[in-house]
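# Structure at a glance
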Protein chains: 6
Amino acid sequence: MGKKILWINPVATNLFDETFKKEFEKVKQPDTMVDVVSLPPASGPTHLEYNCYEVMIMPEILRMIKKAEEEEYDAAIIGCFYDPALRAAREITEKMVVTAPAESSLHIAATLGESISIIVGRRKWIPEMRENVHKYGFGEKLASFKSIDMGVHDFQRDRNETVRRIKQAAQEAKEKDGADVIILGCTIEFGFYHEVQAEIGIPVIDASIAPLKYAEFLVEINQKFGWGHSKLYGYQSPPNEEIEAWNLF
Amino acid sequence: MGKKILWINPVATNLFDETFKKEFEKVKQPDTMVDVVSLPPASGPTHLEYNCYEVMIMPEILRMIKKAEEEEYDAAIIGCFYDPALRAAREITEKMVVTAPAESSLHIAATLGESISIIVGRRKWIPEMRENVHKYGFGEKLASFKSIDMGVHDFQRDRNETVRRIKQAAQEAKEKDGADVIILGCTIEFGFYHEVQAEIGIPVIDASIAPLKYAEFLVEINQKFGWGHSKLYGYQSPPNEEIEAWNLF
Amino acid sequence: MGKKILWINPVATNLFDETFKKEFEKVKQPDTMVDVVSLPPASGPTHLEYNCYEVMIMPEILRMIKKAEEEEYDAAIIGCFYDPALRAAREITEKMVVTAPAESSLHIAATLGESISIIVGRRKWIPEMRENVHKYGFGEKLASFKSIDMGVHDFQRDRNETVRRIKQAAQEAKEKDGADVIILGCTIEFGFYHEVQAEIGIPVIDASIAPLKYAEFLVEINQKFGWGHSKLYGYQSPPNEEIEAWNLF
Amino acid sequence: MGKKILWINPVATNLFDETFKKEFEKVKQPDTMVDVVSLPPASGPTHLEYNCYEVMIMPEILRMIKKAEEEEYDAAIIGCFYDPALRAAREITEKMVVTAPAESSLHIAATLGESISIIVGRRKWIPEMRENVHKYGFGEKLASFKSIDMGVHDFQRDRNETVRRIKQAAQEAKEKDGADVIILGCTIEFGFYHEVQAEIGIPVIDASIAPLKYAEFLVEINQKFGWGHSKLYGYQSPPNEEIEAWNLF
Amino acid sequence: MGKKILWINPVATNLFDETFKKEFEKVKQPDTMVDVVSLPPASGPTHLEYNCYEVMIMPEILRMIKKAEEEEYDAAIIGCFYDPALRAAREITEKMVVTAPAESSLHIAATLGESISIIVGRRKWIPEMRENVHKYGFGEKLASFKSIDMGVHDFQRDRNETVRRIKQAAQEAKEKDGADVIILGCTIEFGFYHEVQAEIGIPVIDASIAPLKYAEFLVEINQKFGWGHSKLYGYQSPPNEEIEAWNLF
Amino acid sequence: MGKKILWINPVATNLFDETFKKEFEKVKQPDTMVDVVSLPPASGPTHLEYNCYEVMIMPEILRMIKKAEEEEYDAAIIGCFYDPALRAAREITEKMVVTAPAESSLHIAATLGESISIIVGRRKWIPEMRENVHKYGFGEKLASFKSIDMGVHDFQRDRNETVRRIKQAAQEAKEKDGADVIILGCTIEFGFYHEVQAEIGIPVIDASIAPLKYAEFLVEINQKFGWGHSKLYGYQSPPNEEIEAWNLF
């Protein structure tokens, strides 16, 4: 059948699109086709460190989701660790599944260990992310958030420095907070998990690879068994007449 | 000093603006000036029963919030019981306070009794609202959600029928679920609280009056004691340079 | 209509009555009349650091509450951060609302930020206060308790030293515990919030001003909308015949 | 060594003292000496269905506790299922242990099964009792509260009717709520557990026997191993100088 | 690389082995090789409805797990919805991943909807399963357990009757309990999900297919990224010397 | 009547049997007869630091439990702080009660104080023990786990060193974590509680004495009032025909 997956970089820069595309080509399943899109350049924020930035591009996310389903994608990934607009995205799709970095990383991490630390860029990110960890049910498994005091666009600037800080935070998470598993809590913390994991010796989940693989998994069980998002209550779709009357997406 | 408050009807219809305005004039404090705005007609959804509808108008909410602060409003109320974009709204304001129906109704209800039932229009609304009840800390105080099987635009059509259903739901909430207090979980369930309360004999919180009064309260403690939203972590403001560079609001 | 509010200093000393009265005159609403009473001097404890002290004066609190309602007060505040006898007080009133420092401070703090630290005098106070924080629903929002190792009667002795310790504790709460908002967890920690807030830059809630303003808020919604304490289950009143037969209050 | 235990009926009637005494003589350990006291007749409420009744007699409870320790009792039981003034009582004792019906019944029930229902007289009792169940840590194990619509002084009036209602409630708790264990949530529901238990076939905990036996257990481990209440934080004793200066008990 | 997966039917009957094998051949990935084993016939229980049955065969599970890793299986599934010995199994493996029906079904269900009902055979099963639901973090998402009053060996006897009861329970879960997703809480409830799902219109998770697919997913991320179970704390392996000295497995 | 109690050292060494026996003789009630058994030497692990060790000897625990009931023991104690196979043990007994160190120590500690620290040998033990603390309902009362970095067989080697480390950990638990009560979280940490308690001044619960005394308590209420484990749901016994057919124990 094949799996057609869309990665949405919900930022107004294509700066990372090619890198993601390349990385995904290496890790995807053979029958997966993955596309990477971002918002039109200069149309909005180039990172989503603030919830208000998320909000401003959420409608564009939904339009992309809607279009993706029309173009017969089997899954879409909203590529930001705040998992922006995930409920809304699931409401407006009928067959396509939708996932996001925090959800997928947390499900994986909670299967691999019992105590999870999340390494973030800034302390500002923590309250919204903690809210999500609790919402997904993993509050009791949260060992700690660790901030390495870097913005989204700092991570890839001086990679040695970034790795150094991540390692230090991960080490503290292990030693002081009792973490069994580490999650790198930003999709732009890509390219580091392997080296950090090799050194600290516990699983280090990459927040861009995790949702890609989780999406493939969800697509497969949806295609084979019809196990897609329930449309009964939480993700119930709005009536088509309203969508059309209001010219919504 | 006076309190300048903006009620935002986050829907693309001014159908209810005048009614709200009239109602608020009756219940506001003498030194309060309250304005009611809605989205431009025909620019989007006329109700927000679906999370995806919320998302589509969230940016417009933020623009209105931003403009409201520039126009020196002391408080803004995002007038939908899902409390859409509340975190984002608090990020982008410096002095103005922002509140919303669920937050304010729940704080009041939890002070008046120990067990709360929320009467909603449709079961579809419950998952997102339950998420909010837990997020605000009142999960243990939730007796039940009761659905009366009506959409937002049905509430005011046959008022007798609406009252009949609300009374029945409230009675069940009292008798079977042990509710001490009832919240009418939609701003368009206005005009009913008084009659229902008189009959069932426990507090029935109106979701449009509650946030107006809570906003007045927040404005007063902000003006007198500087107790506004903390800008440290959860509601930290983004840097102005970014907002301007991206022409965000 | 006016708001007639009684502040009860539930201690056997009028040491602080005048100061409170003066302070309240400055911050109250124009139509509020606020009285401050305390227990007869030498009739009992002059502070309530121990739960057993609270218990010994609880009946006197109830008598004062009962009398306050007879004298047509609209609200009473039980002025100790343990919120002593709050449930009982709400049982015996019919129209008057009753609130207390912890309840009101926590509702305010949880609206202004997502993570709250409470600065107390001694570690002994923490278990009972933590119990209350959980009871009110704010357990998930509690960043920390910080003790500054002072008794109730030490706070106003060397004000510079008190301020120095509060600032240090607040700073730690911000930096190490991630607090968005600080509560000064004793009514006798009055007169400090302003200076501390100015320095540390996040809201610092004063535990005597907060309940006064919250009481005014509750009175207003009670007078206008009949939203007083639910008398159905948790705050149900005892039968008058029993009260009279036993000559209770 | 012997165990000297005091049962306090915290009500102003000696109506039940003799019955309790007789019952306790049958079930106590051989080396236990148990006394039963109540408040002076006509000095206050003869039942504690309301929290405000509890509050009014709490100081007298503390005086009795204090006196009991002076008279070298090894344990005291505060004989009401609301467990009134338990924290305060533990603060003012040095060696004597103190327990109460809800605490002891819940610890026993949670050891005998995983899901507990509590049969109460009136729905009014539930909110305060539920608060206690959560406080003690057994919230997740609570299957239900069942009310049989009887006041404290009704239980012993028509014993057949009482037994009939308890059996029906217990049956429902088993069948509909999944209860493994039943607690009779009032000390005056005495004399019924045996018959109900025989019929419904699961443990039915009597709220007066349970604390007596738990008290004996606590006394024994205190005498043998020094395992009494921790006096460090939560049950720290107040300074003697203050107690004396204020002539507290 | 291929995925070599072992399904362990932890019962002393090969009654279902062939059926499982056939079913798995239909649903597995092309590069997956799946074997099905059970305990030697007549060596113990043929179902695990009781925890004591589980316990008796747990050592044999561990021996099979140990042997599976030696035979270079990439994953093993412990095929009972109580997830017996899952922690122990993860301790004794180094590279092989281990999963089980409840864990995998719950992770899937919680991604597909927000409210989950589990249909079990007997009420006896519920307490242990509820314990697991909470342990995995999904307590807040549990709508209900529904019992259809059948033992493990009844499910496949009269399939029409079984389907009828499952449909009825699922319908109730949807209508009364607000479930978005259904889990069939026993591996022997196989062969029903498709028909039930088609009729009730929400996802119905089969507890034998779910862990197989989850195992494939875990194997893939383990092979590609080294994301296997953390061996730091919770699943730390015992020292080989001890295992050998005691001739453990 | 007498109380006949069996302590099961669930390890394949009789190294500690005599010591336990002696110790129990000193602390038991006069009418208690206590036997101590262990697994046959060289038949398995000599400590249970790993969950997989527990699992391997669980069937033997059940056989001993079954035999104990046949030999008319009134109670059995499964002597390891992980409380292995407790649910299963309760399923297979009809009259005999069963308890274990963590359960009994936690019930006692939660009655003596509000905040509990558990001193363990290694950090590896913590996840499974924390799971149990939450399962029993005492998660909110857990101040901390403290590891003293010693294996089970190290505790009694250099007793001075062990005491030194326990004291240091206990001191930290008091000062930094706010613990009211300490539990020594391993039965082989015996012989230390008295000295540590004397020095640090708060209750220090010994994990072998606690379950013995709790067992005596449970036996007494079972003998006198029929309050044994509920056999309805969670601890329901399997049918005898199955046990016999499968020759289970």
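Residues numbered from 1 in each chain as written. Chains lettered and ligands numbered in written order. Predicted model: local features only at pLDDT ≥ 70, side-chain atom pairs only at ≥ 80, totals over all residues. Heavy atoms only, no water.

Our focus in this paragraph is the overall build of chain A. Assigned secondary structure in chain A consists of 9 helices and 8 strands. Against the compact-globule benchmark of 18 Å for 249 residues, chain A has a radius of gyration of 18 Å, which places it among compact chains. With respect to the principal axes defined by its C-alpha atoms, chain A has extents near 55 × 40 × 35 Å. By residue count, 69% of the 249 residues in chain A fall in the buried class. Long-range contacts, defined here as pairs at least 24 residues apart, represent 72% of the contacts in chain A between residues at least 6 apart. Only carbon and sulfur atoms are counted for the fraction: they give 47% of the accessible area of chain A, which is about 8100 Å². (Helix = DSSP H or I, 4+ residues; strand = E, 2+ residues; numbered from the N terminus. Rg over C-alpha atoms; globule rule 2.2 N^0.38 Å. Buried < 20%, exposed > 50% of the residue type's maximum accessible area, 1.4 Å probe, protein only. Contact = heavy atoms within 4.5 Å. Areas by Shrake-Rupley, 256 points an atom, 1.4 Å probe, with all protein chains shown as cover.)

Let us now look at the relation of the copies chain C and chain A. Structural alignment of chain C on chain A gives an RMSD of 0.0 Å, achieved by rotating through 120 degrees and translating 0.0 Å along the axis. The symmetry that links the two subunits is that of a three-fold axis. For chain C, the residue whose C-alpha comes nearest the rotation axis is Glu-140 of chain C, separated from it by 6.6 Å. (Least-squares fit on C-alpha atoms with pLDDT ≥ 70 in both.)

Along any regular strand the residues' side chains alternate between the sheet's two faces. All names here are of chain C. Every second residue of strand S3 (residues 75-78) is oriented toward a common face, with Ala-75 and Ile-77 on one face and Ala-76 and Ile-78 on the other, all of them buried. As defined by bridge partners, S3 adjoins strand S4 (residues 97-99) across 3 bridges and the pair is classed as parallel. Counterpart to Ala-75 in the pairing with S4 is Val-97. Running through helix H3 (residues 86-92), the crossover from S3 to the neighbouring parallel element S4 is right-handed. (Pairing = 2+ DSSP bridges. Right-handed = clockwise from strand over helix to strand, strands pointing away.)

The next point concerns the packing of helix H6 (residues 159-175) of chain D against helix H7 (residues 193-200) of chain D. All names here are of chain D. Running from amino to carboxyl end, H6 crosses H7 at an angle of 40 degrees, the nearest separation of the two axes being 10 Å. Taken together, the axes of H6 and H7 are oblique relative to one another. Along this stretch, H6 crosses H7, giving a crossing that reads as right-handed. In contact with Val-163, Ile-166, Lys-167, Ala-170, Gln-171 and Lys-174 of H6, H7 contributes Glu-195, Val-196, Glu-199 and Ile-200. (Axes fitted to C-alpha atoms, helices over the stretch in contact; angles between N-to-C directions. Parallel < 35°, antiparallel > 145°, perpendicular 65-115°, else oblique. Left-handed = near helix turned anticlockwise from the far one by under 90°.)

Below, the discussion takes up the relation of the copies chain E and chain A. The two copies are related by a screw motion: chain E maps onto chain A through a turn of 180 degrees and a shift of 0.0 Å along the axis, at an RMSD of 0.0 Å. Read as a symmetry element, the transformation amounts to a two-fold axis. Relative to the rotation axis, the closest C-alpha in chain E is found at Gly-137 of chain E, a distance of 2.4 Å. Mapped onto chain A, 100% of the interface residues of chain E are again interface residues, and the two copies thus contact each other with one and the same surface.

This brings us to the domain arrangement of chain A. All names here are of chain A. With domains assigned, chain A is organised as domain 1 (3-100 + 209-245) and domain 2 (102-206). Taken together, the contact pairs 25 residues of domain 1 with 28 residues of domain 2. For the domain 1 and domain 2 pair, buried surface summed over both sides reaches about 2200 Å², with 62% attributable to carbon and sulfur atoms. A per-residue breakdown of the area domain 1 buries against domain 2 is headed by Glu-49, Phe-81 and Tyr-82, which together make up 37% of the total. A salt bridge links Glu-103 to Arg-90, with the nearest nitrogen and oxygen atoms 2.7 Å apart. (Domains from an automatic or database assignment. Buried area = accessible area lost by both parts, 1.4 Å probe. Salt bridge = Lys/Arg side-chain N within 4 Å of Asp/Glu carboxyl O.)

The next subject is helix H4 (residues 101-112) of chain F. Note: α-helices contain 3.6 residues per turn, so residues at a spacing of three or four share the same orientation. All names here are of chain F. Relative to the 16 Å expected for 12 residues at 1.5 Å per residue, H4 spans 16 Å between its end C-alpha atoms, a close match to the ideal helical length. The element H4 is largely enclosed, with a buried count of 12 among its 12 residues. Of the residues making up H4, those classed as buried are Pro-101, Ala-102, Glu-103, Ser-104, Ser-105, Leu-106, His-107, Ile-108, Ala-109, Ala-110, Thr-111 and Leu-112. (Expected span 1.5 Å × (residues − 1).)

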